[in-house]
Amino acid sequence: MNTGDNFLKLDIFEEKVQTIDFHRDEAQNILTGDCSGCVKLFDCRSPGTFKSWVFEKEIEKISWNKFDPYHYFASTNTGMLHYVDIRSNVSIWTLYAHEKEVTGFSLSSECADMLVTVSMDESVKVWDLKDHKPHQVTQKQINIGEIYTIDSCPDVPYVFCIGGKHKENPMYLWDSRENTSVIQQFQDRMGQDFLKFVEIKLDEQPGPSNRQSTSTSVQPRIPLKKKPRKVPRPNQSPPSDPGASVPAPSRQRQRNRRKMHPKTKDKK
């Protein structure tokens, strides 16, 4: 780097090289993918020897698994995605991910099972790779044209940056937590920030009927306080209906009142 001289040249490829990726722990190891459908693993200390895997058609992208130093992903222009152990000669699993070229993919920076793929078909798909059995969680169409690349945020593991062909709007920043299926699938494998967002999102829903069943804790409903009912005293009759007619007092009640309150004669 200081002198700008060429340190190493690898010129044993039959077709154009479209993608490379250095190992994150073993800096001398590099993966390459070319248009002949061949992936090669080189040790730059001895570039004359390498290990190779052959797939269908052109290799669009390769990437090491950041959570496992012995595995890598490779996508092709036929919509296929391969997961490979470098100690083996065959793929662990092969997935038909998109109808067109799989131009990019990215693992979450925190959740090892969450993989997001993009394609020239202008779609974004989220996959759950748990137990080496990939299945689709959700799919999203974004208006940035044909998609070329994607990368996850290193600090916010559920946020992804996507780049496409659209001239006026070529980039898209996607917070995957906006999707209910993603919340349901990964809430038990994400950090506290992910769970806080789930609680906030559920609280913003207009009513109990629209709440999703993905909240981490259910808040009990607080009953409304009822106004105390007025109990009439023994000598007090209950309040009557304002619209009802008031009956005349009985003769026995009039006699009782005269005994309790006798009339006094004025002294002359």
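From a predicted model like this one, the values you see are computed outputs, not experimental measurements. (Residues numbered from 1 in each chain as written. Predicted model: local features only at pLDDT ≥ 70, side-chain atom pairs only at ≥ 80, totals over all residues. Heavy atoms only, no water.)

### Concerning the overall build of the protein chain
Stage number 1. Check the secondary structure of the protein chain and you find three helices and 15 strands.
Stage number 2. Sequence separation of 24 or more characterises 37% of the internal contacts of the protein chain that already satisfy a separation of 6 or more.
Stage number 3. Looking at the protein chain as shown, the accessible area adds up to about 18500 Å², and 50% of this sits on carbon and sulfur atoms. (Helix = DSSP H or I, 4+ residues; strand = E, 2+ residues; numbered from the N terminus. Contact = heavy atoms within 4.5 Å. Areas by Shrake-Rupley, 256 points an atom, 1.4 Å probe, with all protein chains shown as cover.)

### Quick notes on the nonpolar core
Stage number 1. Residues Met114, Val116, Val124, Val126, Ile147, Ile162 and Phe186 are the most contacted members of the largest nonpolar core, which totals 19 residues.
Stage number 2. When neighbours within four sequence positions are excluded, valine 124 is seen to be in contact with Val116, Thr117, Val118, Thr138, Gln139, Lys140, Ile142, Ile147, Ile162 and Trp174. (Core = buried A, V, L, I, M, F, W, Y, C linked by side-chain atoms within 4.5 Å. Buried < 20%, exposed > 50% of the residue type's maximum accessible area, 1.4 Å probe, protein only.)

### Observations concerning the pairing of strand E6 (residues 71-76)
Stage number 1. The buried count for E6 comes to six of six residues, which makes it a mostly enclosed element.
Stage number 2. Here strand E5 (residues 59-64) folds back onto E6 in antiparallel fashion, the turn holding six residues.
Stage number 3. Relative to strand E7 (residues 80-85), E6 is paired through five bridges, and the arrangement is antiparallel. Bridging from a neighbouring strand, serine 75 pairs with leucine 81 of E7.
Stage number 4. Connecting E6 to the antiparallel partner E7 that follows it, the hairpin turn spans three residues, and glycine 79 within it adopts a positive phi of roughly 90 degrees. (Pairing = 2+ DSSP bridges.)

### Things to note about the packing of aromatic side chains
Stage number 1. What the rule picks out here adds up to eight aromatic pairs.
Stage number 2. With 6.3 Å between their ring centres and 75 degrees between their planes, tryptophan 64 and tyrosine 72 make a pair best called edge-to-face.
Stage number 3. Residue classification places tryptophan 64 among the buried positions, given a relative accessible area of 4%.
Stage number 4. Since its relative accessible area comes to 0%, tyrosine 72 is described here as buried.
Stage number 5. Against the face of phenylalanine 105 rests lysine 61, its NZ or CZ located 5.0 Å from the ring centre.
Stage number 6. Above the face of the tyrosine 70 ring, arginine 87 is positioned so that its terminal group lies 4.2 Å from the ring centre. (Phe/Tyr/Trp six-rings, centres within 6.5 Å; stacked < 30°, edge-to-face > 60°. Lys NZ or Arg CZ within 6 Å of the ring centre and 35° of its normal.)

### Some points on the pattern of salt bridges
Stage number 1. All chains considered together, the criterion is met by 10 salt bridges.
Stage number 2. With a closest N to O distance of 2.9 Å, aspartate 43 and arginine 45 form a salt bridge.
Stage number 3. Linked through salt bridges whose partners overlap, the residues forming this network are Asp113, Asp128, Asp188 and Arg189. (Salt bridge = Lys/Arg side-chain N within 4 Å of Asp/Glu carboxyl O.)

### Some words on the pairing of E7
Stage number 1. In terms of residue burial, E7 counts as a mostly covered element, since six of its six residues are buried.
Stage number 2. Residues Met80, His82 and Val84 point to one face of E7 and Leu81, Tyr83 and Asp85 to the other, with burial holding for every one of them.
Stage number 3. Note that E7 and strand E8 (residues 91-96) share five bridges and pair antiparallel. Residue pairing for E8: valine 84 is matched across the bridge by serine 91.
Stage number 4. Here E7 hands over to E8 after five residues, the two strands then running antiparallel side by side.

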